[in-house]
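# Structural description and commentary
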Amino acid sequence: MQLARLTSLLEKSLTTDQAKQTHCQIVVSGLNDLEPLLIRQTLNSAARYSPRTARYVKAILRRMQKPDVFATSFTIRYLSQHGQFREALSVYEQMHSSGLFPNTFAVSSALKACARILCKIGGLMIHGQVQKCGFCKVVFVQTALVDFYSKLGDMVIARKVFDEIRGKNVVSWNSILAGYVKYGDLAMAQSVFDEMPAKDVISWNSMVSGYARAKNMEQAYELFRRMPQRNSASWNAMITGYIECGKIELARSFFDAMPDRNNVSYITMISAYSKYGSVESAKELYDQMAEKDLLLYNAMIACFAQNYRAKEALQLFDEMLKPNVNVQPDKMTLASAISACSQLGDSKYGTWIETYMREWGIGMDDHLATSFIDLYAKCGNIDKAYELFKSLQKRDLVAYTAMILGYGINGRAKEAIELFEEMMDADIIPNLVTFTGILTAYNHVGLVEEGYRCFMSMQRHGLLPSQDHYAIVVDLLGRAGRLEEAHELIKNMPMEPHAGVWGALLLACSLHNNVELAEVAWKNCCELEPDSSGYHSLLANIYASAGRWDDAKRLRRSVEEKGLVKIPGSSWMECSESQQ
DNA sequence: TTAGGGTTAG
């Protein structure tokens, strides 16, 4: 009686709570053989991934009297299909250790998980097991292996496995095709594509995105035109290609022309606008989306953060956390939010993010740690920044740069220089930001010759110094009294200097009471930033120190007449100090 | 029940 009732219950969809109730009845009635069926129904009923469901099912699996292949493989499939690859592999491992022999379903799902997280050892071990147990003739397993080796970039083995498949289907062909495309071997990809007995929209999309990524848009468009059917991925591949080529307007015209834009289309366009500094265009597209998901939030928050609109980045971050929105941020969201905090010098918000990470069990990876290094350093907590830097698994260019810049702006020149040398020894090529950091460090301690040499070495690294780099060196030379040299440097700049460059010279003139050159610098500053009053006060002070009281008075009067009000200077250092 | 393409980061 009870068996019939429970069996009929297990034919319907089950929520996790219903599953729990049913499971109690199963255990009480001693009908434990129904547990696998319960797991299958529970997982099948979950429309989306639910960590709670996954936890519950894994708990039943662990406590089952008889471990069951059916239930375990179903769980592995569920986890792998919902992006929980590490979880999937841990259940696969448990399956082994409990003495169960995996079936083809478990094996192909586990291989997919290894492919997605690039777990080479795991995949190789499974391949070994597959060869022993004869699954190597099952097309699902073979195709999963082709995909695994393709994703790893080992096209020789991928091809070998592929050639052994009898009865290749379109998924098998697409897996090897995607491998060659990813590897950048378009000639092989084209030959596989030509050879395929049947092509579907994924085969065409792979080829289009291959040519688009190689910036061969003529060929990409030719294929796109010939495609028997297109889906949003086909359009997105073309959009990505045009963006890669810097043809953002052409990308936008494809975006506008596509029949069904999805989140990926929006995210691709938003991040392109972000890269080119068109924040308004990005925001316009973002506002068009009614349903905003995590990736869309990430794209827009990153756009604000990368374009120095930190306040708006944090506003959006706040919005996604509101109970009526409730989108759970991930590491990428947090990295952008931390970067925004850093720009604002807002260490309090940064601390709040740290607490949030602890509460939600979000671990610190190198990427996030680097964002925090940048934040701490800019808020003056350089020792804490270095503690984090030491804890990094791998020190890459961005980590070194954040730390060098941190030392630079905190006046710790010796450490900055040592770290710069360590970085060069590790064969990491510095970028423009690294040089900003190291030049700032030299400037802080007034190491003129060393700083100048470093600046001159930028070209050897294939880097064209920016206006900001010139401003630092002008400041460096100027503070040391080498005003003429500084002036010459400005005159020989390959681009138009911005007001900051002339401002650095003006400041140096005020330190060394050079009225004549100060007037030249001031004139340029005024042309470039007519609304700024700071330069006038600086020149007025220079006049005053030189005893030219009339000129000083005249200048101050003209400032008042023009209605220019001196805005008090503020910086992140002041902000962080006032917080302490 | 199992395998394939397109997006986001300091």
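Chain A carries the name Pentatricopeptide repeat-containing protein At4g22760 in an unreviewed UniProt entry, which gives Sesamum indicum as its organism.

## A closer look at helix α26 (residues 413–425)
Its 13 residues give α26 an end-to-end C-alpha distance of 18 Å, which sits within 8% of 18 Å, the value for a rise of 1.5 Å per residue. Those residues of α26 that fall on the buried side of the exposure criterion are Ala413, Ala416, Ile417, Leu419, Phe420 and Met423. Projection of α26 onto a plane perpendicular to its axis shows the buried side chains occupying an angular sector of 165°, all on one side. Turned more than 90 degrees away from the buried face of α26 sit Lys414 and Asp425, all of them exposed. Buried-residue contacts for α26 involve α24 (382–390), α25 (397–409) and α27 (432–445). Phi turns positive one or two residues past the end of α26, at Asp427, with a value near 60°.

## Considering the state of the cysteines
Summed over the entire model, instances satisfying the criterion amount to zero disulfides. Sulfur of Cys114: no disulfide; nearest cysteine sulfur belongs to Cys119 and is 4.6 Å away.

## Remarks on the protein's contact with DNA strand B
Near DNA strand B, the surroundings consist of 47 residues, among which Phe140, Asn174, Asp200, Asn205 and Arg213 are the closest. Considering the 4 Å shell around the protein, atoms of DNA strand B inside it are sugar or phosphate in 41% of instances. The contact in question runs from a base oxygen of DNA strand B to an N or O atom on the side chain of Ser108, over 2.9 Å. Separating a phosphate oxygen of DNA strand B from a side-chain N or O atom of Arg116 is a distance of 3.5 Å. A total of six residues in the surface near DNA strand B trace back to one element, the largest contributor, which is helix α7 (residues 104–116).

## A word on the pattern of salt bridges
All chains considered together, the criterion is met by 24 salt bridges. Lys390 is paired through a salt bridge with Glu387; the nearest N and O atoms lie 3.4 Å apart. In this pair, Lys390 and Glu387 both sit in helix α24, three residues apart, roughly one turn of the helix. Residue class for Lys390 comes out partly exposed when judged on its relative accessible area of 43%. By relative accessible area, Glu387 is classed as partly exposed at 48%.

## A short note on the domain arrangement of chain A
When its domains are assigned, chain A resolves into domain 1 (269–359), domain 2 (364–465) and domain 3 (483–565). On a C-alpha basis, the centroid separation for the pair domain 1 and domain 2 is 26 Å. With 13 residues of domain 1 at the interface, the matching set in domain 2 holds twelve residues. Both faces considered, domain 1 and domain 2 share a buried interface measuring about 1000 Å² in area, 72% of it formed by carbon and sulfur atoms. Along the contact surface separating domain 1 from domain 2 lie zero salt bridges. On the surface where domain 1 and domain 2 come into contact, there are two residue pairs in polar contact (both at pLDDT 80 or more). The leading source of residues in the side of domain 1 that touches domain 2 is helix α21 (residues 331–344), at six residues. Looking at the side of domain 1 that touches domain 2 residue by residue, the class counts come to six nonpolar, four polar and three charged.

## A closer look at the packing of helix α12 (residues 186–195) against helix α13 (residues 201–213)
Interaxial distance between α12 and α13 falls to 11 Å at its minimum, and their mutual angle equals 160°. Taken together, α12 and α13 sit at an angle that is classed as roughly antiparallel. Read as a crossing pair, α12 and α13 show a hand that is left-handed. Taking contact as the criterion, the partners of Leu186, Ala189, Gln190 and Phe193 in α12 are, on α13, Ser203, Trp204, Met207, Gly210 and Tyr211.

## Re the UniProt feature "repeat: PPR" (unreviewed entry) in chain A
The sites that carry the UniProt feature "repeat: PPR" (unreviewed entry) are, in the present numbering, residues 68–102, 169–199, 200–234, 262–296, 396–430 and 431–465. The straight-line gap between the two end C-alpha atoms of residues 169–199 is 10 Å; of that span, 77% is helix and 0% is strand. The span residues 262–296 carries 74% helix and 0% strand; its end-to-end C-alpha distance comes to 11 Å.

## Let's talk about the environment of Asn44
Note that Asn44 resides in helix α3 (residues 35–45). Accessibility expressed as a relative area gives 42% for Asn44, which makes it partly exposed. For the pair Asn44 and Arg116, spaced 72 residues apart in sequence, the C-alpha separation works out to 23 Å. Excluding residues within four positions of it along the chain, Asn44 makes contact with Phe74 and Arg77.

## Considerations on the packing of aromatic side chains
Per the counting criterion, the structure on display carries 25 aromatic pairs. Consider the rings of Tyr386 and Phe389, whose centres lie 6.0 Å apart with planes at 25°: the pair is stacked. With Tyr386 and Phe389 both in helix α24 and three residues apart, the pair spans about one turn of that helix. Owing to a relative accessible area of 27%, Tyr386 belongs among the partly exposed residues under this scheme.

## Looking at unusual backbone geometry
If you check the backbone angles, Lys215 has positive phi at about 60° while not being a glycine. Of note, Lys215 is situated in the loop between α13 and α14 (217–226). Non-glycine residue Tyr308 carries a positive phi angle of around 60°.

## Looking at the environment of Leu517
Checked against the element boundaries, Leu517 lands in helix α32 (residues 515–528). Distance in space between the C-alpha atoms of Leu517 and Ala290 is 58 Å, their sequence separation being 227 residues. The contacts of Leu517, once residues within four sequence positions are left out, are Leu483, Glu484, His487, Leu505 and Cys509.

## Some details on the side chain of Thr401
One can find Thr401 in helix α25. Looking at Thr401, the relative accessible area reads 6%, which means it is buried. Reaching out from Thr401, the side chain makes a polar contact with the side chain of Thr434 at a distance of 2.9 Å. When residues no more than four places from it in sequence are discounted, the contact partners of Thr401 are Asn431, Val433 and Thr434.

## Considering the nonpolar core
With 187 residues, the main nonpolar core has Met269, Ile353, Ile438 and Leu505 as its most contacted residues. Those residues in contact with Met269 that sit more than four places away from it in its chain are Ile239, Ile243, Ile248, Ala251, Arg252, Phe255 and Leu285.

About the criteria used
Residues numbered from 1 in each chain as written. Chains lettered and ligands numbered in written order. Predicted model: local features only at pLDDT ≥ 70, side-chain atom pairs only at ≥ 80, totals over all residues. Heavy atoms only, no water. Helix = DSSP H or I, 4+ residues; strand = E, 2+ residues; numbered from the N terminus. Expected span 1.5 Å × (residues − 1). Buried < 20%, exposed > 50% of the residue type's maximum accessible area, 1.4 Å probe, protein only. Arc of directions from axis to C-beta. Contact = heavy atoms within 4.5 Å. Disulfide = S-S within 2.5 Å. Near = heavy atom within 4 Å. Polar contact = N/O pair within 3.5 Å; in protein donor to acceptor, adjacent residues only side chain to side chain. Salt bridge = Lys/Arg side-chain N within 4 Å of Asp/Glu carboxyl O. Domains from an automatic or database assignment. Buried area = accessible area lost by both parts, 1.4 Å probe. Nonpolar A, V, L, I, M, F, W, Y, C, P; charged D, E, K, R; others polar. Axes fitted to C-alpha atoms, helices over the stretch in contact; angles between N-to-C directions. Parallel < 35°, antiparallel > 145°, perpendicular 65-115°, else oblique. Left-handed = near helix turned anticlockwise from the far one by under 90°. UniProt positions renumbered as here; feature names shortened; annotations may be inferred. Phe/Tyr/Trp six-rings, centres within 6.5 Å; stacked < 30°, edge-to-face > 60°. Core = buried A, V, L, I, M, F, W, Y, C linked by side-chain atoms within 4.5 Å.

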